[in-house]
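The chain contents come next:
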Amino acid sequence: MSAERRLKAERIRHLLETERDAIRENTTHMNRQRYDAIERFERYEASREAARAIKEDAIERLPELIDRVRESVEANGGTVYVAEDAADANRYITEVTAEKGAETLVKSKSMTSEELEVNEALETAGVDVYETDLGEFVIQVAGEAPSHLVGPSLHKSTAAIAELFNAHFEPDEPLETAEELTNFARDYLLEYIVEADVGMTGANFVLADSGTVVLVTNEGNARKSAVTPDTHVAVAGVEKILPSIDDLAPFTELIGRAATGQEFPQYLTMLSPPVDSPPLDFESDVPLSEAEGDRDFHLVLVDNGRMEMREDPQLRETLYCIRCGACANTCANFQHVGGHAFGGETYTGGIATGWEAGVHGLDSAAEFNDLCTGCSRCVNACPVKIDIPWINTVVRDRINRGEDAELDWLVEGLTPDAEPGGMDLGKRFFGNFGTVARLGSATAPLSNWVANAGPARALAERVLGIDRRRDLPRFERQTLRAWFDARGGAAVPAGDADREAVLYADPYTDHVQVDRGKAAVRVLEALGVHVRIPEVPESGRAPLSQGMVATAGERASEVYRSLVEHVDAGRDVVVIEPSDLAMFRQEYEKFLPEASFERLGEASYEVMEYVYGLLGEGADAGELADGRGEAVAYHSHCQQRTLGLDAYTEAVLDDLGFDVVTSSVECCGMAGSFGYKSEYYELSMDVGGDLQSEFAAHPDREIVASGTSCIEQLDALFDDGTRHPVELLDPGR
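Predicted, not measured: the structure shown is a model, and the values here were computed from it.

1. A word on the overall build of the protein chain
In step 1: Counting its regular elements, the protein chain contains 36 helices and 17 strands.
In step 2: If you line up the protein chain on its principal axes, its C-alpha atoms span 95 × 55 × 50 Å.
In step 3: Going through the 733 residues of the protein chain one by one, you find that 59% of them count as buried.
In step 4: Look at the contacts in the protein chain between residues 6 or more apart in sequence, and 76% of them connect residues 24 or more apart.
In step 5: Carbon and sulfur atoms form 47% of the exposed surface of the protein chain, whose accessible area is close to 29,200 Å².
In step 6: Mean positive and mean negative side-chain charge positions of the protein chain (67 and 133 charges, respectively) differ by 6 Å.

2. Some thoughts on the environment of Leu-691
In step 1: Tracing the backbone shows Leu-691 in helix H34 (residues 681-696).
In step 2: Take Leu-691: its relative accessible area is 0%, and that puts it in the buried class.
In step 3: Between the C-alpha atoms of Leu-691 and Ala-705, which are 14 residues apart in sequence, the distance is 12 Å.
In step 4: Contact partners of Leu-691, with chain neighbours within four places excluded, come to His-635, Ser-663, Val-665, Cys-668 and Leu-714.

3. Quick word on unusual backbone geometry
In step 1: Residue Pro-274 is reached from Pro-273 by a cis peptide bond, and omega for that bond is 0°.
In step 2: On the secondary structure map, Pro-274 appears in the loop between strand S9 (267-271) and strand S10 (296-302).
In step 3: For the bond from Ala-444 to Pro-445, the omega torsion is 5°, close enough to zero to count as cis.
In step 4: Assignment of secondary structure puts Pro-445 in the loop between helix H21 (433-442) and helix H22 (446-452).
In step 5: The residue Arg-323 is not glycine, and still its phi comes out positive at about 55°.
In step 6: Here Arg-323 is to be found in the loop between helix H13 (306-311) and helix H14 (326-329).

4. Structural notes on the pattern of salt bridges
In step 1: Evaluation of the coordinates by the stated rule reveals 51 salt bridges.
In step 2: Between Glu-239 and Arg-323 there is a salt bridge, and its shortest N-O distance comes to 3.2 Å. Remark: Arg-323 occurs in the loop between H13 and H14 and Glu-239 occurs in the loop between strand S7 (231-237) and strand S8 (241-242); sequence separation between them is 84 residues. Arg-323 matches Glu-239 in its accessibility class, with the two residues each being buried.
In step 3: As a salt-bridge pair, Arg-516 and Glu-577 come within 3.3 Å of each other at their nearest N and O atoms. Of this pair, Arg-516 sits in helix H26 (residues 514-526) while Glu-577 is found in the loop between strand S13 (572-575) and helix H29 (578-585), placing the two residues 61 residues apart along the sequence.

5. Some details on the state of the cysteines
In step 1: Scanning all chains against the criterion turns up zero disulfides.
In step 2: As a non-bridged cysteine, Cys-327 has Cys-378 as the owner of its nearest cysteine sulfur, 6.3 Å distant.
In step 3: By relative accessible area, Cys-327 is classed as buried at 7%.
In step 4: We note that Cys-372 lacks a disulfide partner, and the nearest cysteine sulfur, in Cys-378, lies 5.9 Å from it.
In step 5: Residue class for Cys-372 comes out buried when judged on its relative accessible area of 11%.

6. Observations regarding the sheet that holds strand S15 (residues 631-635)
In step 1: A sheet is described by the order of its strands in space; here three strands give the open sequence S16-S15-S17, paired in parallel fashion. Of all strands in the sheet, those with a lone pairing partner are strand S16 (659-662) and strand S17 (702-705), marking the two edges. Each strand of the sheet is rotated relative to its neighbour by a mean of 30°, with strand direction disregarded.
In step 2: Bridging between S15 and S16 involves four bridges; their strand directions are parallel.

7. Observations concerning the side chain of Thr-27
In step 1: Mapped onto the elements of the fold, Thr-27 is located in helix H2 (residues 20-40).
In step 2: With a relative accessible area of 0%, Thr-27 lands in the buried category.

8. A closer look at the environment of Ala-234
In step 1: By the secondary structure assignment, Ala-234 is in strand S7.
In step 2: If near-sequence neighbours (up to four positions away) are discounted, Ala-234 is found in contact with Thr-201, Gly-202, Val-213, Phe-297, His-298, Leu-299 and Val-300.

9. Quick look at the nonpolar core
Grouped burial of nonpolar side chains is what soluble globular proteins tend to show.
In step 1: Among the nonpolar cores identified, the biggest contains 64 residues, and Phe-205, Phe-251, Ile-351, Trp-355, Leu-371, Ile-386 and Leu-683 are the most heavily contacted of them.
In step 2: In terms of residues, this core owes the most to one element, helix H12 (residues 249-260), which gives five residues.
In step 3: Apart from residues lying up to four places away in sequence, Trp-355 is in contact with Glu-239, Arg-306, Met-309, Thr-318, Leu-319, Cys-321, Arg-323, Tyr-347 and His-360.
In step 4: With 36 residues, the next largest nonpolar core counts Ala-505, Ile-576, Leu-624 and Phe-658 among its residues.

10. Notes on the packing of H2 against H12
In step 1: Axis separation between H2 and H12 bottoms out at 6 Å; the angle between their running directions is 140°. Between H2 and H12, the interaxial angle falls into the category oblique. Taking contact as the criterion, the partners of Met-30, Gln-33, Arg-34 and Ala-37 in H2 are, on H12, Arg-257, Ala-258, Ala-259 and Thr-260.
In step 2: Split by residue class, the contact of H2 with H12 holds four nonpolar, two polar and two charged.

11. Description of the sheet that holds strand S12 (residues 529-532)
In step 1: Reading across from one edge, S12-S11-S13-S14 is the order of the four strands in this open sheet, with parallel pairing throughout. In this open sheet, the two strands that pair with only one neighbour each are S12 and strand S14 (604-606). Strand-to-strand twist of the sheet, defined as the mean angle between neighbouring strand axes without regard to direction, takes the value 35°.
In step 2: Relative to S12, strand S11 (residues 499-504) is paired through four bridges, and the arrangement is parallel. Looking at S12, one finds that Val-502 is bridged to Arg-532.
In step 3: The strands touched by helix H30 (residues 594-603) are S13 and S14; relative to S14, the strand with the most contacts, the crossing angle is about 40°.

Rules used throughout
Residues numbered from 1 in each chain as written. Predicted model: local features only at pLDDT ≥ 70, side-chain atom pairs only at ≥ 80, totals over all residues. Heavy atoms only, no water. Helix = DSSP H or I, 4+ residues; strand = E, 2+ residues; numbered from the N terminus. Buried < 20%, exposed > 50% of the residue type's maximum accessible area, 1.4 Å probe, protein only. Contact = heavy atoms within 4.5 Å. Areas by Shrake-Rupley, 256 points an atom, 1.4 Å probe, with all protein chains shown as cover. Lys, Arg positive; Asp, Glu negative; His and termini not counted. Charge placed at Lys NZ, Arg CZ, Asp CG, Glu CD. Salt bridge = Lys/Arg side-chain N within 4 Å of Asp/Glu carboxyl O. Disulfide = S-S within 2.5 Å. Pairing = 2+ DSSP bridges. Axes fitted to C-alpha atoms, helices over the stretch in contact; angles between N-to-C directions. Core = buried A, V, L, I, M, F, W, Y, C linked by side-chain atoms within 4.5 Å. Parallel < 35°, antiparallel > 145°, perpendicular 65-115°, else oblique. Nonpolar A, V, L, I, M, F, W, Y, C, P; charged D, E, K, R; others polar.

Here it is as structure tokens:
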């Protein structure tokens, strides 16, 4: 293992040991709450569509809206400053505090201020800063960085926070419970809020037509910080601007539900500062209604790379983010390792790659980008429908193109991909799995023996980063296509068939898990389908997962050219591997002309979805294997769930008499090549442990899974082999 991979593995191992339990408990709780809140919200999709459209319009009109905000705030008596970068913003803010002679500043939670590192700038200028959000206060006392966009101290348990507070503040009576800790922090911070010279907040939204700052919190501390001192500084990225209050409704409906599963935010504060009420003087006897004095307001709008992101068609969507953290809460890797691994200098979770690449640069994004496995669950979780996996893929591609590889001379000009030299050899190996599989089958069983020999495993670990604890796929000498040809092709003549279908032989089905391909052929033929297995290139899923975008694009075009004659002839395309079907139905939109993408996507089906459709059209289920009450534990693939296809497998198995228990665990932890990589092996197994625990409660059930990765992970977790569901239906079994 290289030194870099070893250090990353050690870092992940440390976080699994120290922060995993708290992060997992908190994120999974918020994720469950989000599911429940969305299920009760009938307008969820309509609100998502509306929010997305408003954001698209606002970012398109951003220069105009910035000018409009300036006019509105200045008409109210405040000041707007557009900061070019972090240094510019910090200079302006420290000048404001200096003009006020400020010694103390209270502050509510703001990821933009974390991005600026404004606390450090103010403290260097001699201003004491007090975080008033409980989570931010905890990590300020601990001297740590936030681990989550919404819950900065999500990685700490109640006991850990009690230990921290007791050691730091030495209270008369030791603090223990969450209530005691909260009350202590509230009383402690209230003294500083009352005495503070300046208050600083972020802004969830800024309304251009009125200069209104909208704050969403659970503690009410932002409102106290904004209105108690006579000077209020609000810091917000320029992307937070919405045209008017008429555009606010879908965001207020979505942000609480997406973030914590709350139907309504605890505090929704709208301020159009400087407000008319006089400054608060807690030592004066003059009634507030008779008090006098002026308030000062400064809105600092931060660019810091955002306007360049706006011009970047691949990163632009990042600016639609409303910082709810749903992408982190729904991510299996994040749930287990948290934002101190799955995050950069400031931002955490799936969307963090876009933010870090845009505001801090590729080096920061490169630290954690590979933790996104592209499962795409975050796309459905995002309230503004950001294609987060695509942003991660594009950034990965850019990172690849900036790397140097020590053995690059071995592959330059010899690789079957469209990538330039200089990328990581391991990524190039996994991205070209189709070629590897063809060579593996052509030379099997020798290839299997050599690959598993000790020296070869050691070399693979050192050069390619393949963990030697992970079993390697065993290549079959006879491929699926060779078997199909050897049997004489289709058993059901086209003239006798009810339908014609092309079975897409992905590299794993063709070269490794050949039995599931054979079963699929027999099942389709039993239902009266004329089956063809033409030679079709790999879908591009493997290179796309490694950030090899150009290669994936080439594969998409090749696949379409290979399949279009069949689509034109009215044949269906049946796909066994869900991640390949997701390419056809989702990612190919990035690579193919719209009409081509739609034609292929509409003609393609997951194999169990197709069987469900055939049975629904009257095909004879009696031609398939009878379940006879056979007990089965079924795990569906991540992308199968995202596409909404897992229900078809359950329905078919139920109808055929199988007794099915379906996993509630959403991710097996393998995620294609992710689980093979030495730096991520332990995280992969830790995520898989959830599925292992669930299925271990059903020792008498046969385990079946739809995805290649899921099958490999389950084979590693259990002694008995795992099969694809279509193998259960095989009339020849």
